Amino acid sequence: MNSLIRNTARCLRSGAAVYMPRQADGRVWTSSARFLCAAADVQKALGDIVQKDKVVVFMKGTPAQPMCGFSNAVVQILRMHGVDDYASYNVLEDSELREGVKAFSNWPTIPQVYFSGEFVGGCDILLQMHQNGDLVEELKKCGISSSLLEAEKESK
């Protein structure tokens with residue numbers, strides 16, 4: 001996250017305008033270098049972020065204090081499986097991060113969950129995976145043993 005902030009700050013400080021090639025109708029488009037640079041840096045930083053940890057959640061709020069019902073549901077599902085050690089990023093703190101992660105995943109909603117760098121989905125998909133047992137298998141692929149699986153073994 002620090003590199004994301006550093007790269008974005010560097011681009012914002014530059015603040016130069018970028019002139020796009022003249023259009024067929026003679027107009028010249030301008031765009032802020034801040035936007036273009038930050039967008040590219042955000043996408044690269046997001047790629048690095050989702051690779052860094054086995055489980056990554058972009059959410060509204062924090063695991064200790066989710067700020068929407070869907071983010072809370074994701075936290076609760078992960079908690080039921082004993083997944084407490086994961087990276088979470090509060091998209092409410094940074095609008096560029098919020099929009100950047102939507103573009104990065106090509107998924108329009110928050111929360112967003114990644115396992116080992118791969119986009120899993122949002123709340124509905126994680127809930128469905130939990131209900132049909134796929135979540136236990138996906139966690140196993142990440143090297144995480146679900147505590148629900150352990151509890152099931154103990155009860156037999």
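Residues numbered from 1 in each chain as written. Predicted model: local features only at pLDDT ≥ 70, side-chain atom pairs only at ≥ 80, totals over all residues. Heavy atoms only, no water.

Per an unreviewed UniProt entry, the chain goes by Glutaredoxin-related protein 5, mitochondrial and derives from Champsocephalus esox.

**Concerning unusual backbone geometry**
Omega for the peptide link from Ile 110 to Pro 111 comes to 10 degrees, which places this bond in the cis form. Positive phi, close to 60 degrees, is recorded for Asn 106, a residue that is not glycine. Along the chain, Asn 106 falls in the loop between helix 4 (95–105) and strand 5 (112–115). One non-glycine residue, Ser 116, lies in positive phi territory at about 50 degrees. Taking relative accessible area as the criterion, Ser 116 reaches 37% and is therefore assigned partly exposed. (Helix = DSSP H or I, 4+ residues; strand = E, 2+ residues; numbered from the N terminus. Buried < 20%, exposed > 50% of the residue type's maximum accessible area, 1.4 Å probe, protein only.)

**Notes on the pattern of salt bridges**
Here the structure, examined in full by the defined rule, presents three salt bridges. One salt bridge in this structure joins Glu 99 and Lys 102, with 3.7 Å as the shortest N-O distance. Of this pair, Glu 99 and Lys 102 both sit in helix 4, three residues apart, roughly one helical turn. When its relative accessible area of 45% is taken as the criterion, Glu 99 is described as partly exposed. The class for Lys 102 is partly exposed, based on a relative accessible area of 23%. Between Lys 141 and Glu 138 there is a salt bridge, with its nearest N and O atoms 3.0 Å apart. Here the residue Lys 141 and the residue Glu 138 both occupy positions in helix 6 (residues 134–141), the gap between them amounting to three residues, near one helical turn. Judged by relative accessible area, which is 65%, Lys 141 ranks as exposed. (Salt bridge = Lys/Arg side-chain N within 4 Å of Asp/Glu carboxyl O.)

**A word on the confidence of the model for the chain**
Overall, the predicted model of the chain reaches an average pLDDT of 80, with 71% of residues at or above 70. In the model, residues 7–23 has pLDDT below 50 throughout and makes 33 contacts with residues more than four positions away in sequence or in other chains. Throughout residues 25–36 the model reports pLDDT below 50, and contacts reaching past four residues in sequence, or to other chains, amount to 26 contacts. (pLDDT = per-residue confidence, 0-100. Contact = heavy atoms within 4.5 Å.)

**Overview of the packing of aromatic side chains**
The tally for this structure, following the rule as stated, stands at five aromatic pairs. Between Phe 58 and Tyr 114, the ring centres sit 5.8 Å apart and the planes meet at 85 degrees, which makes this aromatic pair edge-to-face. Of this pair, Phe 58 sits in strand 3 (residues 55–59) while Tyr 114 sits in strand 5, placing them 56 residues apart in sequence. Here the two residues Phe 58 and Tyr 114 agree in accessibility, since each one is buried. Summarising the aromatic geometry, the rings of Tyr 114 and Phe 119 are spaced 5.3 Å apart at their centres and angled 55 degrees between planes, so their arrangement reads as tilted. (Phe/Tyr/Trp six-rings, centres within 6.5 Å; stacked < 30°, edge-to-face > 60°.)

**Some points on the sheet that holds strand 3**
Spatial ordering of the open sheet is given by 4-3-5-6, a layout of four strands whose pairing is mixed. Single-partner strands in this sheet number two, and they are strand 4 (87–90) and strand 6 (118–121). Looking at each pair of strands side by side, their axes are set apart by 25 degrees on average, direction ignored. Relative to strand 6, strand 5 runs antiparallel, the two being bridged by three bridges. By the bridge assignment, Tyr 114 is partnered in strand 6 with Phe 119. Along the sheet, helix 4 contacts strand 3, strand 4, strand 5 and strand 6; its crossing angle with strand 5, the most-contacted strand, is approximately 55 degrees. Where helix 5 (residues 123–132) meets the sheet, its contacts fall on strand 5 and strand 6, and the angle it forms with strand 6 comes to roughly 85 degrees. (Pairing = 2+ DSSP bridges. Axes fitted to C-alpha atoms, helices over the stretch in contact; angles between N-to-C directions.)

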